[in-house]
Structure formats: C-alpha cells, structure tokens
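Overview (structure and organization)
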Number of protein chains: 2
Amino acid sequence: MPDEICYIDTRTVATLLEEIAVVDVVEEALRSHALGRTVLPAEAYLRWTTDDGWARSLTLPAALGMPTGTAGIKVINGNVANPGRGVARASGLVLLFDVLTGQVRTVMAAANLSAMRTAAVSIIGVRRLAPRPVEQALVIGAGPIGAAHVRLLCQEPTVRTVWVHDLDGDRAAAVAALTSDVRVRVDPVRDRASVIGDADVIVAATTSVNAHLGLRHIRPGTLVVNVGLDDCAQDLLLGADHLVVDSWALVADDDKRLLGQLIRSGRVTAAGDSTSARAEQVVRAELGQLIAGSVMVSPRQDDRVVLNPFGMAVNDIALATAVEQSTAAKGFGLPLPR
Amino acid sequence: MPDEICYIDTRTVATLLEEIAVVDVVEEALRSHALGRTVLPAEAYLRWTTDDGWARSLTLPAALGMPTGTAGIKVINGNVANPGRGVARASGLVLLFDVLTGQVRTVMAAANLSAMRTAAVSIIGVRRLAPRPVEQALVIGAGPIGAAHVRLLCQEPTVRTVWVHDLDGDRAAAVAALTSDVRVRVDPVRDRASVIGDADVIVAATTSVNAHLGLRHIRPGTLVVNVGLDDCAQDLLLGADHLVVDSWALVADDDKRLLGQLIRSGRVTAAGDSTSARAEQVVRAELGQLIAGSVMVSPRQDDRVVLNPFGMAVNDIALATAVEQSTAAKGFGLPLPR
C-alpha cells in the first residue's frame, strides 16, 4: 500500500491533457456506462450564501469497470461572480481511490479536466448526431468550457470555421487568439445572429439562467448542444426532431433545469415509456447507447437535433485516470505524506 | 486570493487535535445547527465491488454560520476488510472552501478528525443524557473510533474506569495501553458480560452488521450510544425510555440502518408528529436542541437512554476549521500549487 498521495496541479493536468485522446477516453466511458459497467450515484449539492449572492459545491462520484477498475469523485465548486474578481468561475479537485482499500491515491486539479470532458461529449455528439458534416461551428460562451470546445472542434477533420461569441467581446477574442491552426479559421463574432444560420453545430456554453436559443433561431439541419443547460428555450427542447441526453437518470432527477422540469411534468418522456404517446417530446437515446450500438438515431439532413448533456462523473473519473497514468509514466506529481 | 492550497497530513492533524477543545467545537456546531445556521445536504454514497467484497466512499457536505463562515466536505472511504491487510478501515480527506469563491483552500487527512468528532458527540450525550453520573464506561469496539472515545472519556471529570472490549483482545489491549491517565483506569475486557451491568454508559462502536445489544443486556440507568448504527437491536431502540438522535432528517432518510427503517415503517416517529400516538417509540429530541435549550430531556435514575447519532458533516467541517486555524497559527501545513 503506498504511503503517499500523489498530487497533480493545474498546470501539469493541462499539459498532460494535451497528449491524451480525450474524446476516445470519454467515448469508452460512455460505452461502459451503456453496458452497465459503471456505478453513477446521485451527486452531493451544497449551496451557501456569500456576501455577493451564493456559491456552490458539487461532488460527483463514480466507479467504472467490471471488475471495478477505477473509482473516485470530482468536486467542482463555483461562484458566477468569480470572473469579476479575476478568479475562475469553477474550480475543484478530482480524488481517485485505490479500488481495493478505498484510500485516496491521487488528488488533481479538476477545472481543465472537467471542461475537456464536457467538450469531448459535445464532439461525440458532432460525430454521431449532426445532420450534416460539420464544417462551420458556433461556440456561444468563451469561458474555459467554451475554450475547450474550440480546441477540440479544431481537431475534427471536417471543421473549417469556428466562430466564438461572448457578451464580453474581449473574452471571445482571447479564446480565438489561443488557437493558431492553419487548417481551421477561428473567429470571434460580436453579432451571433450574423453567423447562427450558417453554423452546422451550435454549442451553447454560457452561465446564463435565461434561455436565449429558441426554435426560431435554429436553421434546419443543425445540431445544438445545450452545454450550459439553461441556454435552450422550451420550444427548442420540445420542437427538436431528435433529443438526446447523456444520462436519462441524471437529467430526469434534476429539478433545477428546464429539461428535468419538462420530464417531471410529463411533457417529455423516454423512448419506450408507456406514456410517450401523450408526450410532446421523447428523448430518443442516451449518447452511450449510440456508441454501444443498442439504439440508433439517424437524423435527416433537415432535422434539428438537440443534445442535452447533464455531465457524468464516469467521464471525469475515466479522464482523471488517464491523467494519473500519464503522470506516473512521466514521473510527474508531488508525493504527499498521508 | 491565495494561489496555493494548504495540505495537512495525518500526523499534523492528530497533533493539533490534541490541543483543540473538540467537545466544545462540536457542541457549538450542533447549537448552530439547532438554530438554523447551517446547510447540511444529503451525502453522496458510492459503493463498488472489490476482489474481496465491496468498498465505499461517502462525501458529506456542510456549511456553517450566518453569514456563512465555513464550508466544505468530508470524504471518508473504507473497506471493512482493510484491517486484515494492515490498512485502516476508514480514511479520507476533508476539503475546506473559500466561502466567497468556492475555491478549495485546505485539504487535510480526515480519519482522526472524523473519529474525534464522533466521540465528541458521545461525550455531549454523556453530559446531557446519562441518567446517573458516569463513573464507569464500557467501549465496545477498539478501532480508531473506539480509541477516540476512550481518550475523551478519560477527560470527563466523573469517569473513574473505562473498559474496552473487542472481539480481537489484542486490539482492546492496545487501545487500553495508549492511555496512561493516573486518575482513570482503562482496562481491556475479554468478557463484556462481566462488566456490562456496571457501566453507566455503553458506547457501541463496532463494524458489526448484526445487532448485539438488546434491551435485556442494558441495566436501568444506563446510557447507550449506538455509534456503529447497527449495534443496537430493535427491542432496545423501541424499548428505551428516551431515544435521542443528532439529526432527525439524516436518520430518517437513511434506509440502510435499523432506526431509519423503523421510522419508515411508522414504528418510530418524531416528537410532535401527529402519528406519534400510534408509534411504539418517539424520538424525543435532536442533540442540538438540548444544547440550544429548545427541548428538554430529563432522564430519571432508572431510565434506559439511547443516543443514536448518524454523523453530521457540520461537526466535521467545524472541527476541520479549528484544525485549519491552528495550522495557520503555528505555520504548519504544506503549500500546494493550485
């Protein structure tokens, strides 16, 4: 039993993530989940008042593999007012456990990893759900999660243009400036209405609590990824030709976001549910079912498709495990006495 | 905003805990809870299969104060088979957060702290619920939690004798040998039946999943603290003259332990509940209500009293905050880059 805990800081995690096939790792985690080889309990949610409003801490636990190969939690905390004081909105730690003893084996910075696994899920959506080959993408919201999307979108072979929009034009410009890909053009856009009709995929990754994407904004043939979870309006969720989630259980259990509320009220149901006939919208599949091949969703060229991820700890823990292995292989990491 | 996380290892936490008035800190946390000045959400529970059975991870979140003074989580993991391989059954980390930004500020070893807050709750029970002055105490279960009880019991002015019993006699002897208090005699006992009738308080802190303390074992005038949560039999929980918990919500929500099941089946209710008249047992109070003075429980000399704590994160976070302050004052702790 090692008598030390391995600590991996933000910079090291970021460096290692550049060499990891993030999308492949997340796809494999989603496949495991679809095959019933994961444990994914409810998250713990702590919210407290602050001088300027409130802050919150989420703890997402998960175990993967059969027999269990890896287990851990992601703790991700935030305050939406943080950027105004020069602090990242969200930060936290991932803890990985020895699967035999339960001892904490590794502690690592969570923010980059969390943003990358979120973007990886969207990329899997692009590959499997876009009605047309994605050449032009619009990313709304230029925070760390938006930036992770830009980075992964630039690696997709069909993508030629990525537009980045943010209410703060400087943030969008800064994200665009981070990329220097000769093959893909990354442009900040101040007027998103000018490009929204040309985007094959729209990733909405803002912290807005007011829906700003309605059905009328979305051209037929477009994939919308509702990363921020409050970005898409009710008519878009109800009117999309195909609606896919990452985890039905997590989305349905969530009483804070719109889709969970629509499920509770019976307006949205799961495919195969006996009440589906009366519902206005049916969730066609979980992303992992598409990967595992147990469900098919084949959008036509003029369909509007919405992917509504919730965020699954199995993806965090799988990606953190890849970072941990890479850390060990390179001799990185700071040993802490227990 | 500090750009570092403070890490505090097991040895440092243990050293600092010796100088902290643990019972006072926990009593203050319970008082705050009774006054509505805490946030105490449901814990996250992850259980996974291992080669030798299963292991589990609990995450307990809490915030205290009004305005919020401290917020954090305790992660406590374990495998009951660990002692057989020379590893502590339970271990984990406490994470304390900056209350304004949510950033992780401090990470510390959790096991000692967790055991001490558990023992502190029992001591508060001894002070406020014992039918008679506690001169002789029996601690069943000589793991780290039992050892913490022995230590705190020895500091109580009325206590003259502490018996320690464990199925493994060597463990009981080892815990007894840890104490060298001239005022209090600490004796390992192999035959608990020989002393159980002389104990004024019985602390049951085993990992047994089979109840081993029935009403017939308990002499009138005794306080029983059901620390292990599966130690007390149904007839004792139902037949005690007074039944007190730490948190009604946590105990009632728990479907894994006996008392939670008795509450679900309606056989145990809360004082003031309209269905109390038909129930076999009524939970008289939460411990914090006794401290805050909002409820009185006054056992008579021949009553049997059961305190059934669940374990409250507010106690962990309050105690961890005291350790954090002590660490800063002494210049201890290892700074980690974010």
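Residues numbered from 1 in each chain as written. Chains lettered and ligands numbered in written order. Predicted model: local features only at pLDDT ≥ 70, side-chain atom pairs only at ≥ 80, totals over all residues. Heavy atoms only, no water.

In the annotation of an unreviewed UniProt entry, chain A is listed under the name Ornithine cyclodeaminase and assigned to Amycolatopsis coloradensis.

Moving on to the overall build of chain A. When you go through chain A residue by residue, the secondary structure sums to 11 helices and 17 strands. The C-alpha atoms of chain A give a radius of gyration of 20 Å, which matches the 20 Å a tight globule of 338 residues would have. Of all 338 residues assigned to chain A, the portion counted as buried reaches 59%. A fraction of 64% describes how many contacts in chain A between residues 6 or more apart in sequence connect residues 24 or more apart. Looking at chain A as shown, the accessible area adds up to about 13500 Å², and 50% of this sits on carbon and sulfur atoms. For chain A, the separation between the mean place of its 32 positive charges and that of its 37 negative charges on side chains is 2 Å. (Helix = DSSP H or I, 4+ residues; strand = E, 2+ residues; numbered from the N terminus. Rg over C-alpha atoms; globule rule 2.2 N^0.38 Å. Buried < 20%, exposed > 50% of the residue type's maximum accessible area, 1.4 Å probe, protein only. Contact = heavy atoms within 4.5 Å. Areas by Shrake-Rupley, 256 points an atom, 1.4 Å probe, with all protein chains shown as cover. Lys, Arg positive; Asp, Glu negative; His and termini not counted. Charge placed at Lys NZ, Arg CZ, Asp CG, Glu CD.)

Take helix α1 (residues 10-17) of chain B next. All names here are of chain B. Restricting attention to buried positions, one finds in α1 the residues Thr-12, Val-13, Leu-16 and Leu-17. The buried side chains of α1 occupy one side of the element, clustering within an arc of 130° when seen end-on. On its buried side, α1 packs onto β1 (4-8), α2 (22-34), β7 (104-109), α3 (111-129), α4 (144-154) and α11 (313-330). (Arc of directions from axis to C-beta.)

Below, the discussion takes up the interface of chain B and chain A. Put simply, an interface is often sized by how much accessible area is lost when its parts join up. Facing the 51 residues of chain B at the interface are 51 residues of chain A. Summed over both sides, the interface between chain B and chain A buries roughly 3700 Å², with carbon and sulfur atoms accounting for 68% of that surface. Of all residues in chain B, the largest losses of buried area upon contact with chain A belong to B:Leu46, B:Trp48 and B:Leu100, amounting jointly to 16% of the total for that side. Where chain B meets chain A, there are zero salt bridges. Between the two partners, chain B and chain A, sit 14 residue pairs in polar contact (both at pLDDT 80 or more). (Buried area = accessible area lost by both parts, 1.4 Å probe. Salt bridge = Lys/Arg side-chain N within 4 Å of Asp/Glu carboxyl O. Polar contact = N/O pair within 3.5 Å; in protein donor to acceptor, adjacent residues only side chain to side chain.)

Another point: the environment of B:Asp187. All names here are of chain B. Along the chain, Asp-187 turns up in strand β10 (residues 185-188). The spacing of Asp-187 and Val-162 is 25 residues in sequence and 6.3 Å in space, taken between C-alpha atoms. Not counting residues within four places of it along the chain, the set of residues in contact with Asp-187 comprises Val-162, Trp-163, Val-164 and Ala-176. A polar contact of 2.6 Å, which involves the side chain of Asp-187, links it to the side chain of Arg-185.

So, about the pattern of salt bridges. Residue and element names in this part refer to chain A. With the rule as written, the count across this model stands at 30 salt bridges over all chains. A salt bridge links Asp-316 to Arg-117; the shortest N-O distance between them is 2.9 Å. Of this pair, Asp-316 sits in helix α11 (residues 313-330) while Arg-117 sits in helix α3 (residues 111-129), and the two are 199 residues apart along the sequence. With relative accessibility at 0%, the residue Asp-316 sits in the buried group. Given the relative accessible area of 7%, Arg-117 is considered buried. Taken together, the shared-partner salt bridges connect Lys-74, Arg-117 and Asp-316 into one network.

Turning our attention to the pairing of strand β16 (residues 305-308) of chain A. All names here are of chain A. The two faces of β16 match: Val-305 and Leu-307 on one face and Val-306 and Asn-308 on the other face are all buried. With three bridges joining them, strand β12 (residues 223-225) and β16 adopt parallel strand pairing. Opposite Leu-223, over in β16, you have Val-305 as the bridge partner. Relative to β16, strand β13 (residues 242-245) is paired through four bridges, and the arrangement is parallel. Its bridge partner lying in β16, Val-245 is registered against Asn-308. (Pairing = 2+ DSSP bridges.)

Residue and element names in this part refer to chain A. One open sheet accounts for nine strands, arranged β10-β9-β8-β11-β12-β16-β13-β15-β14; its pairing is parallel. Strand pairing shows two members of the sheet lacking a second neighbour, β10 (185-188) and β14 (268-270), which therefore form its edges. Each adjacent strand pair in this sheet contributes to an overall mean axis angle of 25°, direction not counted. Direction of pairing for strand β11 (residues 201-204) relative to β12: parallel, over a ladder of three bridges. The residue bridging Val-201 from the neighbouring strand is Leu-223, located in β12. Sitting on the sheet, helix α5 (residues 169-178) is in contact with β9 (161-165) and β10, with an inclination near 165° to β10. (Axes fitted to C-alpha atoms, helices over the stretch in contact; angles between N-to-C directions.)

Next up on the list: the packing of α3(B) against α4(B). All names here are of chain B. The geometry of α3 relative to α4 is characterised by a closest axis approach of 8 Å and an angle of 45° between their N-to-C directions. By the angle between their directions, the pair α3 and α4 is classed as oblique. Note that α3 runs across α4; the crossing there is right-handed. Here Ala-115, Met-116, Thr-118, Ala-119, Ala-120, Ser-122, Ile-123 and Val-126 of α3 lie close against α4, whose contacting residues are Pro-144, Ile-145, Ala-148, His-149, Arg-151, Leu-152 and Leu-153. Here the contact of α3 with α4 is built from residues that sort into 11 nonpolar, three polar and one charged. (Parallel < 35°, antiparallel > 145°, perpendicular 65-115°, else oblique. Left-handed = near helix turned anticlockwise from the far one by under 90°. Nonpolar A, V, L, I, M, F, W, Y, C, P; charged D, E, K, R; others polar.)

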